[in-house]
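Descriptive structure summary
Each chain is listed here by its residues.
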Amino acid sequence: MDIFDIQNQLKEFASERDWEQFHTPKNIAMALSVESSELVEIFQWLKPEESQLPNKKQLELINSEVADIAMYLLRFCDLLDVNLEKAIEEKLVKNAEKYPVTLSKGNAKKYNQRGD
């Protein structure tokens, strides 16, 4: 998967429909939030074990929502010239500092709640 190729496809898709006027960072961030909520909705009333074994219909919905989320995120990054790969790499380094293995292994507490 080439991120820049997908971003270009999304940009072209929006341009062909004259949707660029609506694709502001604010609107795309809001749409991203809505799509994330739609993913959450699929799992809303499932028991934990049910969420680990979604049925065929649920998997179809999950795939669709995940694609929507990814596309809006890539469009958002394109609009604000965010290098997603670089942002992820930098965040992984920060997370490794906040969550060293010795303090975080098997522990779900947030770094500022560990009391270390």
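Quick look at the structure, then. Quantities reported herein were computed from a predicted structural model and do not represent experimental measurements.

Thresholds applied
Residues numbered from 1 in each chain as written. Predicted model: local features only at pLDDT ≥ 70, side-chain atom pairs only at ≥ 80, totals over all residues. Heavy atoms only, no water. Salt bridge = Lys/Arg side-chain N within 4 Å of Asp/Glu carboxyl O. Helix = DSSP H or I, 4+ residues; strand = E, 2+ residues; numbered from the N terminus. Expected span 1.5 Å × (residues − 1). Buried < 20%, exposed > 50% of the residue type's maximum accessible area, 1.4 Å probe, protein only. Arc of directions from axis to C-beta. Contact = heavy atoms within 4.5 Å. Polar contact = N/O pair within 3.5 Å; in protein donor to acceptor, adjacent residues only side chain to side chain. 1 Å grid on protein atoms, 1.4 Å probe; cavity = no way out; pocket = protein on both sides within 12 Å on 5 of 7 lines; lining within 4 Å. Points joined across faces, edges and corners; volume = space filled by probe spheres on them. Nonpolar A, V, L, I, M, F, W, Y, C, P; charged D, E, K, R; others polar. Core = buried A, V, L, I, M, F, W, Y, C linked by side-chain atoms within 4.5 Å. Axes fitted to C-alpha atoms, helices over the stretch in contact; angles between N-to-C directions. Parallel < 35°, antiparallel > 145°, perpendicular 65-115°, else oblique. Left-handed = near helix turned anticlockwise from the far one by under 90°.

1. Observations concerning the pattern of salt bridges
Applying the stated criterion across every chain yields a total of four salt bridges. The residue Glu16 makes a salt bridge to Arg17 at a minimum N-O spacing of 3.3 Å. One salt-bridge network, in which partners are shared between bridges, spans Lys11, Arg75 and Asp78.

2. A closer look at helix H1 (residues 3-16)
Look at H1: 20 Å from first C-alpha to last across 14 residues, which is about the 20 Å you get at 1.5 Å a residue. If you check which residues of H1 are buried, you get Ile3, Ile6, Gln7, Leu10 and Ala14. Looking straight down H1, one finds that the buried residues subtend no more than 100° of arc, so they occupy a single side. Away from the buried face of H1 by more than 90 degrees, exposed residues Phe4 and Glu16 are located. Taken together, the buried residues of H1 touch helix H4 (56-79) and helix H5 (84-98). The N-capping residue of H1, defined by a side-chain oxygen 2.8 Å from the backbone nitrogen of Phe4, is Asp2. Count one or two residues on from H1 and you reach Asp18, which has phi positive near 55°.

3. Considerations on the layout of surface pockets
Roughly 280 Å³ of internal volume is contained in the largest pocket. If you go around the largest pocket, you meet 13 residues; those closest to its centre are Leu10, Phe13, Trp19, His23 and Tyr72. Secondary structure elements with two or more residues in the lining of the largest pocket: H1, helix H2 (25-43) and H4. For the lining of the largest pocket, the leading source of residues is H4, giving four residues. Of the residues contributing to the lining of the largest pocket, the split by class is nine nonpolar, two polar and two charged.

4. Some thoughts on the nonpolar core
Core analysis: the largest hydrophobic core is formed by six residues, namely Ile3, Ile6, Leu10, Leu74, Cys77 and Leu84. Where this core is concerned, the elements lending two or more residues are H1 and H4. In terms of residues, this core owes the most to one element, H1, which gives three residues. Once residues lying within four places of it in the same chain are set aside, the contact partners of Leu74 are Ile3, Ile6, Gln7, Leu10 and Leu84.

5. Details of the packing of H2 against H4
Describing two packed helices takes the angle between their axes plus the distance from one axis to the other. Relative orientation of the contacting elements H2 and H4 amounts to 160°, with a least axis distance of 9 Å. Here H2 lies roughly antiparallel to H4, going by the angle between them. The handedness of the crossing between H2 and H4 is left-handed. Where H2 approaches H4, its residues Pro25, Ile28, Ala29, Ala31, Leu32, Glu35, Ser36, Glu38, Leu39, Ile42 and Phe43 are matched on the opposing element by Gln58, Leu61, Ile62, Glu65, Val66, Asp68, Ile69, Tyr72, Leu73, Arg75, Phe76 and Leu79.

6. Remarks on the packing of H1 against H4
One can describe the packing of H1 onto H4 by two numbers: an axis separation of 9 Å at closest approach and a directional angle of 90°. Viewed along their axes, H1 and H4 adopt a mutual orientation that is roughly perpendicular. Between H1, through Ile3, Ile6, Gln7, Leu10, Lys11 and Ala14, and H4, the contact on the second element is made entirely by Met71, Leu74, Arg75, Cys77 and Asp78. Classifying every residue of the contact of H1 with H4 by side-chain character gives seven nonpolar, one polar and three charged.

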